[in-house]
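Report on the structure
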Amino acid sequence: MSTTSTEPQPTEPPSRALRAAFRAFAAIEKVGNKLPNPFWLFWILAGVVIVLSAILAATGVSTVHPGTHDTIEVRSLLSKAGLTTMVEGAVDNFATFPPLATILIVGFGIAVAEASGLFTTLLRRMVARVPGKYLTFALSMTAMVAHVAGDAAYVTLIPLGALIFRAAGRSPVLGCVVAYVSISAGYDASPAITTTDTLLSSISTAAAHTIDPDHVVTPVANYFFGLASSVLVALVITVVVEKVIARRSDLDPDEPVKALTAEELKAVEVTPEQRRALRRTGVAALVFVAVVAVAMFPADSPLRGEHGSLVESPVITGMSVVLFLFFSLLGWVYGRAAGTFRTANDIVDALVEGARSYAPILVLFFAISQFLAYFKWTNIGNVIAIEGAETLKGMHLSGWTVLVGIAVLITFMNLVITSGSALWALAAPVLIPMLMLIGIEPATTQAVYRVADSVTNCVTPMSPYFAMCLGFIQQHKKSAGIGTLASFTIPIAAVVWIVWVAFFVAWYLLGIPFGVG
């Protein structure tokens, strides 16, 4: 990616509301830039827990578990037992951190599929020949599918969106905006199972064990809601873009939109060889799903759980392994058919490269795992959850009201802490036990978190992909700045937030299952 050397500057929009929003985001950016790297932030929080535990233990802070009626006292990490726990438990804290192995295993499979070129070709195929009137929805829906590729979706789809819109005679700037907003504002919505599902569910399960040691939040616990949300968010983005954003006069690039060059057409078109490879990969995907389904069909199948349960089957509880096999198979089939994989060693190379890409996450997980272990051992989370639940009961609030309040809280937190896994690791140990005590299932709490964690991704200047999208836009409109991009994303994000939260509330009140389990 090449960008202009000009430093992007905020542009002043005519709307007073947008000017106020820009000032607020500028303040958020200023505060956020003063925050330490998330790795150090969690070590600072761990230090706070250490000091706070000593103070609360010294003052005799405790609570009574509403289920067992046992007294739960805050324990000091500065005691002999606490210091022993921190030193001796450091390795186990990291090794047993629930998301650690999960995200690595799934990530390995995705790395194979990505290295084969499958994701890039599939995304191009989905939007390359869509009629103009359906282009915005097709690109937005493609972004929902692209969430399977994780953050790689930004690098692939934003420039592709610009080319696709340009090929249709529309502004490439608008193509960048549609792709970026669809990936970021709908990040936790997808018609497919993604690494986000396995990552969040493992953190949710660990948090739920505070109240119920047997409770499991599966990777498909929000699948029904995520599938429906992906279509909803794509539709909302399409309506706002076509009815409002596309009518703006400042979408025009610096140069008139021209037909694509031969080189640019090559970047958009799918070759006959690639189409053939996609067909073979599609057949492989169907065969894989069919084999798993048939293997699970018999009532006494070893792939079923206790008493023949499908929800507690090894396929569901071991979804990370299933996804690894699925993506690895598809990557291998596509790579062989397209010629990007020639030997088995190519898969090993893809796995190694995938491991490298997850190095920053592993470093962050080490800090998070220690913080969460300290937080859990001290019983501070239990006390906050139980007392918070009692407070909510005393306020006689309805469940949907509490959940909307959680959505507002997470939305603002996400403006500063843009890492979804880091934010959920911080919030889940308190929110899930607290809401369980007032009758709200962990899967429901996780679902509302996913809504709130997604929408503001496209407006916060703390996101590295905000700057990336701006860089792509500046290739077509050099005068574009932070304010330019924000003036496009803020209206879309505001409407998506309102509609998606309302959709969540309706789903909750109707009692529709959020997923399997």
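Residues numbered from 1 in each chain as written. Predicted model: local features only at pLDDT ≥ 70, side-chain atom pairs only at ≥ 80, totals over all residues. Heavy atoms only, no water.

1. So, the overall build of the protein
When you go through the protein residue by residue, the secondary structure sums to 23 helices and two strands. Put simply, the protein has 517 residues, and 50% of those count as buried. Of the contacts formed within the protein by residues at least 6 apart in sequence, a portion of 79% connects residues at least 24 apart. (Helix = DSSP H or I, 4+ residues; strand = E, 2+ residues; numbered from the N terminus. Buried < 20%, exposed > 50% of the residue type's maximum accessible area, 1.4 Å probe, protein only. Contact = heavy atoms within 4.5 Å.)

2. A word on the state of the cysteines
Per the counting criterion, the structure on display carries zero disulfides. Unpaired in this structure, Cys-458 has its nearest cysteine sulfur neighbour in Cys-469, at a distance of 9.7 Å. (Disulfide = S-S within 2.5 Å.)

3. Let's talk about the packing of helix α2 (residues 38-58) against helix α17 (residues 359-378)
The axes of two packed helices give the description: the angle between them and the distance between them. Interhelical geometry of α2 versus α17 gives an angle of 15° and a closest axis separation of 8 Å. Comparing their axes, α17 and α2 come out roughly parallel. Crossing of α2 against α17: the hand is left-handed. Between α2 and α17, the contacting residues are Pro-38, Phe-39, Phe-42, Trp-43, Leu-45, Ala-46, Val-49, Ile-50 and Ser-53 on the first element and Val-363, Leu-364, Phe-366, Ala-367, Ile-368, Gln-370, Phe-371, Tyr-374, Phe-375 and Thr-378 on the second. Of the residues belonging to the contact of α2 with α17, the class tally is 16 nonpolar, three polar and no charged. (Axes fitted to C-alpha atoms, helices over the stretch in contact; angles between N-to-C directions. Parallel < 35°, antiparallel > 145°, perpendicular 65-115°, else oblique. Left-handed = near helix turned anticlockwise from the far one by under 90°. Nonpolar A, V, L, I, M, F, W, Y, C, P; charged D, E, K, R; others polar.)

4. What to know about empty space enclosed by the protein
Following the criterion strictly, the structure yields two cavities of 30 Å³ or more and no others. By volume, the largest cavity is sized at about 100 Å³. In this structure, the largest cavity is lined by 14 residues; those nearest its centre are Asp-188, Ser-190, Asp-197, Gly-226 and Arg-450. Take the lining of the largest cavity: its biggest share by element is four residues, from helix α11 (residues 223-243). The residue inventory of the lining of the largest cavity, partitioned by class, reads six nonpolar, five polar and three charged. (1 Å grid on protein atoms, 1.4 Å probe; cavity = no way out; pocket = protein on both sides within 12 Å on 5 of 7 lines; lining within 4 Å. Points joined across faces, edges and corners; volume = space filled by probe spheres on them.)

5. Topic: the layout of surface pockets
Roughly 950 Å³ of internal volume is contained in the second largest pocket. Taken together, 36 residues make up the lining of the second largest pocket; nearest its centre are Ala-192, Ala-285, Val-289, Leu-323 and Phe-326. Mapped onto the lining of the second largest pocket, the elements with two or more residues apiece are α6 (118-127), α7 (135-146), α11, α13 (272-296), α14 (314-317) and α15 (319-338). Considering each element in turn, the lining of the second largest pocket owes the most residues, ten residues, to α13. Among the residues making up the lining of the second largest pocket, the classes are represented as 33 nonpolar, two polar and one charged.

6. Describing a nonpolar patch on the surface
A cluster of nonpolar side chains, Trp-40, Ile-44, Val-48 and Leu-52, forms an exposed patch at the surface whose accessible area comes to about 390 Å². Residue placement: Ile-44 occurs in helix α2. (Patch = residues over 30% accessible without salt bridge, like charges linked within 9 Å, V, L, I, M, F, W, Y side chains within 5 Å. Areas by Shrake-Rupley, 256 points an atom, 1.4 Å probe, with all protein chains shown as cover. Salt bridge = Lys/Arg side-chain N within 4 Å of Asp/Glu carboxyl O.)

7. Here we look at unusual backbone geometry
A positive phi is found at Asn-379, a non-glycine position, where the angle reads about 75°. Tracing the backbone through its elements, the reader meets Asn-379 in the loop between α17 and α18 (380-395). Since its relative accessible area comes to 14%, Asn-379 is described here as buried.

8. Brief notes about the confidence of the model for the protein
In this model, the protein carries an average pLDDT of 83, and 89% of its residues clear a pLDDT of 70 or more. The least confident element of the protein, judged by mean pLDDT, is helix α1 (residues 16-34) at 60; the most confident is α11 at 94. Across residues 1-12 the pLDDT falls below 50, and counting only partners more than four positions away or on other chains, this stretch makes 23 contacts in the model. (pLDDT = per-residue confidence, 0-100.)

9. Quick look at the nonpolar core
In this structure, Leu-157, Tyr-180, Ile-368, Trp-424, Ile-492 and Trp-500 are the most contacted members of the largest nonpolar core, which totals 123 residues. Ignoring any residue separated from it by four or fewer positions in sequence, one finds Tyr-180 in contact with Tyr-154, Ile-158, Asn-457, Cys-458, Ser-463, Tyr-465, Phe-466, Cys-469 and Thr-489. (Core = buried A, V, L, I, M, F, W, Y, C linked by side-chain atoms within 4.5 Å.)

10. Concerning a positive patch on the surface
Residues Arg-125, Arg-276, Arg-279 and Arg-280 make up a contiguous surface patch of positive charge. Along the chain, Arg-125 falls in helix α6. (Lys, Arg positive; Asp, Glu negative; His and termini not counted. Charge placed at Lys NZ, Arg CZ, Asp CG, Glu CD.)

11. Some remarks on the pattern of salt bridges
By the definition in use, this model includes three salt bridges. Among the salt bridges present, the one from Glu-242 reaches Arg-170, with a minimum N-O distance of 3.2 Å. Placement of Glu-242 in helix α11 and of Arg-170 in the loop between α8 (152-167) and α9 (172-185) is noted, with a sequence separation of 72 residues between them. Judged by its relative accessible area of 27%, Glu-242 falls in the partly exposed class. Salt-bridge contacts for Arg-450 lead to Asp-197; the nearest nitrogen and oxygen are separated by 2.9 Å. Of the two residues, Arg-450 sits in helix α21 (residues 442-455) while Asp-197 sits in helix α10 (residues 195-208), which places them 253 residues apart along the sequence. By relative accessible area, which is 5% here, Asp-197 ends up buried.

12. Let's talk about the environment of Tyr-374
Within the secondary structure, Tyr-374 is located in helix α17. Residue class for Tyr-374 comes out buried when judged on its relative accessible area of 8%. Not counting residues within four places of it along the chain, the set of residues in contact with Tyr-374 comprises Trp-43, Ala-46, Val-49, Ile-50, Leu-77 and Met-86.

13. A short note on the packing of aromatic side chains
Any pair of aromatic rings gets described here by the distance separating the centres and the angle formed by the planes. Within the structure shown, the criterion is met by 24 aromatic pairs. Each ring, one from Trp-507 and one from Phe-514, has its centre 6.2 Å from the other, and the planes form 35°; the classification is tilted. For the pair formed by Trp-507 and Phe-514, the shared burial category is buried. (Phe/Tyr/Trp six-rings, centres within 6.5 Å; stacked < 30°, edge-to-face > 60°.)

14. Some remarks on helix α23 (residues 482-510)
Under the 1.5 Å per step criterion, the end-to-end length of α23 is 41 Å for 29 residues, consistent within 8% with the ideal 42 Å. Of all the bends found along α23, the most pronounced is centred on Thr-489 and spans about 25°, while Pro-491, a proline, follows it within four residues. In the segment just after α23, Gly-511 is the residue with positive phi, at about 75°. (Expected span 1.5 Å × (residues − 1). Bend = angle between axes of the 7 residues up to and from the residue.)

15. Notes on the environment of Ile-432
Following the sequence through the fold, Ile-432 ends up in helix α20 (residues 420-436). It is 5.5 Å that separates the C-alpha atoms of Ile-432 and Pro-442, two residues lying ten residues apart in sequence. Among all residues touching Ile-432, those that are not within four sequence positions of it are Ser-204, Ala-207, Ala-208, Trp-424, Pro-442 and Thr-445.

16. Focus on the side chain of Thr-121
For Thr-121, the position within the fold is in helix α6. There is a polar contact of 2.6 Å between the side chain of Thr-121 and the side chain of Tyr-334. (Polar contact = N/O pair within 3.5 Å; in protein donor to acceptor, adjacent residues only side chain to side chain.)

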